[in-house]
Amino acid sequence: MGKAIQLMGTRLTLLPERALLLPEYNTLVVADWHLGKGAHFRKAGIFMPVLPVDKDRGRLQSLLDNHRVETVIFLGDLFHSDLNSEWLVFERFRAVNPSIRFILTRGNHDILPSDLLEKATVDVVPSYSIAPHIHCTHHPEGNGCSGRLNIAGHVHPGCLIPAKGRQTYRLPCFYYREQTLLLPAFGSLTGLHLVQPVRNARIYPIAGDKVMEWV
């Protein structure tokens, strides 16, 4: 179940699939898929499971099937590193969604050749403005985003939710502070960077199929 919020006059839906929907703009925003990470580490002799690749692709396809989406914005780190066989997963995914525009705000891991992305009809840009007051980047802009909402990735935000018996739950989350909304990493093979519940910050943990607000 998604959580509808409003930031700087814009309606947003935080989705438990670790993506952001802007219904007024028919736009879906996804951060840090890191597709190819499993194959990258397996090539180096490190065991990594195969299943999350198809699971992540299916999760994204389900979002496109169940919401009105005309544009998908990948906030960087779409593919983890050098080209490997998992790129075929993206090519197949692209082929079954020919009418949707794909935009990539290039991240530090996006080192695939430009002609490969061009062949997949992915528009690669340093940053992208959905509207004059909504700016998408891979790295958070920080204090430079005065007067507009900065939607960013890179950080892989997560939080520790206290529970009974001195236990805690470690969960991915959306994190909003100082006009910057950080999205959780979309890919299953990504870690978490724990963010803090400081003053004026809003934290939205993802627990199963629900997005909550930690108050």
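All of these numbers come straight from a predicted model, not from anything done at the bench. For every chain, the first residue of the written sequence is number 1, and numbering continues from 1 along that sequence. The predicted origin of the model limits local features to residues at a pLDDT of at least 70 and limits the giving and counting of side-chain atom pairs to 80 or more, whereas totals for whole chains, interfaces and linings rest on all residues. Derived side-chain values reflect all non-hydrogen atoms in the structure, with water molecules and hydrogen atoms excluded from consideration.

Trainee: Give me the lowdown on the overall build of the protein chain, citing residues and values where you can.
Mentor: Numbering of helices and strands runs from the N terminus; a helix is a DSSP stretch of H or I covering at least four residues, while a strand is a stretch of E covering at least two. For the protein chain, the count of helices and strands is four helices and 16 strands. Note on areas: these come from Shrake-Rupley sampling with a 1.4 Å probe, and a residue is covered only by the protein chains present in the view. For the protein chain, the exposed surface amounts to about 10600 Å²; the carbon and sulfur share of it is 52%.

Trainee: Residue-level account of helix H3 (residues 87-95), with values.
Mentor: The rule is simple: take the accessible area with a 1.4 Å probe, protein chains only, and divide by the maximum for that residue type; under 20% is buried, over 50% is exposed, in between is partly exposed. Residues of H3 that are buried: Trp-87, Val-89, Phe-90, Phe-93 and Arg-94. Down the axis of H3, the buried set is contained in an arc of 155°. They therefore lie on one face. The arc in question is the one spanned by the directions pointing from the helix axis to the C-beta atoms.

Trainee: Go over the sheet that holds strand S6 (residues 101-105), please, and point to the residues and values.
Mentor: Read from one edge of the open sheet, seven strands run S1-S2-S3-S4-S5-S6-S7, paired in mixed fashion. Every other strand in the sheet has two partners, leaving strand S1 (3-7) and strand S7 (122-125) as the edge strands with one partner each. If you compare each strand with its neighbour and ignore which way they point, the axes differ by 25° on average. A pair of strands is treated as paired once DSSP finds two or more bridges between them. Geometry is summarised by axes, namely lines fitted to C-alpha atoms with helices restricted to the contacting stretch, and by angles between N-to-C directions that run from 0 to 180 degrees.

Trainee: So what's going on with the state of the cysteines? Which residues, and what values?
Mentor: The definition used for a disulfide is geometric: two cysteine sulfur atoms within 2.5 Å. Evaluation of the coordinates by the stated rule reveals zero disulfides. In this structure Cys-173 is a free cysteine whose sulfur lies 4.2 Å from that of Cys-159, the closest cysteine sulfur available.

Trainee: With reference to specific residues and values, describe unusual backbone geometry.
Mentor: A positive phi angle, close to 50°, is found at Thr-121, a residue other than glycine. Tracing the chain through its elements places Thr-121 in the loop between helix H4 (114-119) and S7.

Trainee: Describe the nonpolar core, with residues and values.
Mentor: The biggest cluster of nonpolar side chains holds 27 residues, and the ones touching the most others in it are Leu-28, Leu-60, Phe-74 and Phe-90. Sorting the residues of this core by element identifies strand S3 (19-22), strand S4 (27-30), helix H2 (51-66), strand S5 (71-74), H3, S6 and H4 as the ones contributing at least two each. Residue contacts for Phe-74: discarding those within four places in its chain leaves Val-30, Trp-33, Leu-60, Phe-90, Phe-102, Ile-103, Leu-104 and Thr-105. We define a nonpolar core as any set of buried Ala, Val, Leu, Ile, Met, Phe, Trp, Tyr and Cys residues linked to one another through side-chain atoms lying within 4.5 Å. One finds Val-29, Leu-149, Ile-151 and Leu-183 within the second-largest nonpolar core, a separate group that totals 24 residues. The contact criterion used is simple: two residues touch if any of their non-hydrogen atoms lie within 4.5 Å.

Trainee: Which residues make up the packing of aromatic side chains, and what are the values?
Mentor: Ring geometry is summarised as follows: Phe, Tyr and Trp rings, the Trp one being its six-membered ring, pair when their centres sit within 6.5 Å, and such pairs are stacked at plane angles under 30 degrees, edge-to-face over 60 and tilted between the two. Applying the stated criterion across every chain, the model contains ten aromatic pairs. A ring pair is formed by Trp-33 and Phe-74, whose centres lie 6.3 Å apart and whose planes are at 25°; its orientation type is stacked. Taken together, the positions of Trp-33 in the loop between S4 and helix H1 (37-43) and Phe-74 in strand S5 put the pair 41 residues apart, joining distant regions of the chain. Exposure class is identical for Trp-33 and Phe-74. Each is buried. Here the aromatic rings of Phe-90 and Phe-102 are separated by 6.0 Å at their centres, their planes lie at 50°, and the arrangement is tilted. On the criterion of sequence distance, the pair formed by Phe-90 in helix H3 and Phe-102 in strand S6 is long-range, its members being twelve residues apart. For the residue pair Phe-90 and Phe-102, the accessibility class agrees, reading buried in each case. Every member of this aromatic cluster is reached through a ring pair, and the members are Trp-33, Phe-74, Trp-87, Phe-90, Phe-93, Phe-102 and Phe-186.

Trainee: Can you tell me about the pattern of salt bridges, naming the residues and giving the values?
Mentor: When the charged atoms of two side chains lie near each other, side chains of opposite charge can form a pair. We count a salt bridge whenever a side-chain nitrogen from Lys or Arg sits within 4 Å of a carboxyl oxygen from Asp or Glu. Applying the stated rule across the entire model yields five salt bridges. One salt bridge in this structure joins Asp-123 and Arg-101, with 2.9 Å as the shortest N-O distance. Residue Asp-123 is found in strand S7, and its partner Arg-101 is found in strand S6; the two are separated by 22 residues along the sequence. Residue Glu-141 is joined to Arg-148 by a salt bridge in which the shortest nitrogen-to-oxygen separation is 3.0 Å. We classify Arg-148 as partly exposed; its relative accessible area is 23%.

Trainee: So what about the pairing of S4? Which residues, and what values?
Mentor: Residue alternation in S4 divides its side chains into two sets, Thr-27 and Val-29 and Leu-28 and Val-30, and both sets are buried. Summarising the sheet, S3 and S4 pair through three bridges and their orientation is antiparallel. When the bridges of S4 are listed, Leu-20 appears paired with Val-29. Turn length for the S3-S4 hairpin, with the two strands adjacent in sequence and antiparallel, is four residues, and the turn residue Asn-26 shows positive phi of about 50°. Note that S4 and S5 share four bridges and pair parallel. Note on S5: the bridge partner recorded for Thr-27 is Thr-71.

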